[in-house]
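Residue strings, one per chain:
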Amino acid sequence: QVQLVESGGGLVQPGGSLRLSCAASGSIFSINAMGWYRQAPGKQRELVAVATMGGGTNYAESVKGRFTISRDVAKNTVALQMNSLKPEDTAVYYCNAKRLAVRIDYWGQGTQVTVSS
C-alpha cells in the first residue's frame, strides 16, 4: 500500500503563487509516476501535471507556462509550483501515484486551493 499526504493549499489572490507538496510512504518501490489532479465544484477531476521516474513531465494545456512540477525520486516527494494563479484554478488538488504495471492509482486526501480577490 502507498499513502500520500499533500500540503501547501490555501487562499491566494489572482496573480499570486502557491506551492503544493506531496510525500509518499509505504510500498514506494512500486511507484512509477507521480502527479497532481484537481477537481472544481461541479466539474470532473482533471490531470494538472505528471512526472515520471525518468524525468519526463506533462501538463494540462490550461496550466502550461504557469505551473511547474518537480519530483524527487530519492525522497519520494513531488511538488507543484503554481504561479500567475487565476480564479479558474480554484479546486481541490490531489496528489497521485501510479503503479503502471498493475494499473493502480493511489490518491491523497486533497488540499484546497482558492484563488480570489
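Residues numbered from 1 in each chain as written. Predicted model: local features only at pLDDT ≥ 70, side-chain atom pairs only at ≥ 80, totals over all residues. Heavy atoms only, no water.

Colleague: Is there a simple way to explain the pairing of strand β3 (residues 18-26) in this structure?
Modeller: Looking along a regular strand, one sees side chains alternate from face to face of the sheet. Two elements, strand β1 (residues 2-7) and β3, share 6 bridges in a ladder whose sense is antiparallel. Bridged to V5 within β3 is A23. Relative to strand β8 (residues 77-82), β3 runs antiparallel, the two sharing 6 bridges. Residue pairing in the sheet places S21 in a bridge with A79 of β8. (Pairing = 2+ DSSP bridges. Helix = DSSP H or I, 4+ residues; strand = E, 2+ residues; numbered from the N terminus.)

Colleague: Mind showing me how you'd approach the nonpolar core here?
Modeller: Note on soluble globular proteins: their nonpolar side chains tend to be buried together. Judged by nonpolar contacts, the single largest core of 29 residues is most densely connected at L4, M34, W36, L80, M82 and Y93. At the level of secondary structure, the elements contributing two or more residues to this core comprise β1, β3, β4 (33-39), β5 (46-52), β7 (67-72), β8, β9 (91-99) and β11 (111-115). (Core = buried A, V, L, I, M, F, W, Y, C linked by side-chain atoms within 4.5 Å. Buried < 20%, exposed > 50% of the residue type's maximum accessible area, 1.4 Å probe, protein only.)

Colleague: Would you explain the side chain of E6 in this entry?
Modeller: Counting through the fold element by element, E6 comes out in strand β1. Lacking a salt bridge, the buried E6 has R45 as its closest oppositely charged neighbour, with an N-O distance of 7.9 Å. Of the polar contacts made by the side chain of E6, one reaches the backbone nitrogen of C95; its length is 2.8 Å. There is a polar contact of 3.0 Å between the side chain of E6 and the backbone nitrogen of G110. The residues contacting E6, other than those within four sequence positions of it, are S21, C22, W36, Y93, Y94, C95, G108, Q109, G110 and T111. (Lys, Arg positive; Asp, Glu negative; His and termini not counted. Salt bridge = Lys/Arg side-chain N within 4 Å of Asp/Glu carboxyl O. Polar contact = N/O pair within 3.5 Å; in protein donor to acceptor, adjacent residues only side chain to side chain. Contact = heavy atoms within 4.5 Å.)

Colleague: Help me understand the sheet that holds β1 in this model?
Modeller: Pairing within the open sheet is antiparallel, and its 4 strands lie in the order β1-β3-β8-β7. In this open sheet, the two strands that pair with only one neighbour each are β1 and β7. Between one strand axis and the next, the sheet turns through 15 degrees on average, direction left out of account. (Axes fitted to C-alpha atoms, helices over the stretch in contact; angles between N-to-C directions.)

Colleague: Would you explain the environment of D105 in this entry?
Modeller: Residue placement: D105 occurs in strand β10 (residues 104-107). The exposure class assigned to D105 is partly exposed, which follows from its relative accessible area of 34%. Put simply, D105 and L47 are 58 residues apart on the chain and 13 Å apart in space, counted from C-alpha to C-alpha. Once you skip the residues sitting within four places of it in the chain, D105 turns out to touch N96, A97 and K98. At a separation of 2.9 Å, a polar atom in the side chain of D105 contacts the side chain of N96. A distance of 2.6 Å separates a polar atom in the side chain of D105 from a polar atom in the side chain of K98.

Colleague: Just to check I follow, could you spell out the packing of aromatic side chains for this structure?
Modeller: Note on aromatic pairs: each is described by the distance of the centres and the angle between the planes. Overall, the coordinates contain 1 aromatic pair when judged by the stated rule. The interplanar angle of 70 degrees and the centroid separation of 4.9 Å between the aromatic rings of Y37 and W107 together place this pair among those described as edge-to-face. Here the residue Y37 occupies a position in strand β4, and W107 occupies one in strand β10, the gap between them amounting to 70 residues. With relative accessibility at 15%, the residue Y37 sits in the buried group. Residue classification places W107 among the partly exposed positions, given a relative accessible area of 35%. It is R45 that lies over the ring of Y94; its NZ or CZ is 3.9 Å from the centre. (Phe/Tyr/Trp six-rings, centres within 6.5 Å; stacked < 30°, edge-to-face > 60°. Lys NZ or Arg CZ within 6 Å of the ring centre and 35° of its normal.)

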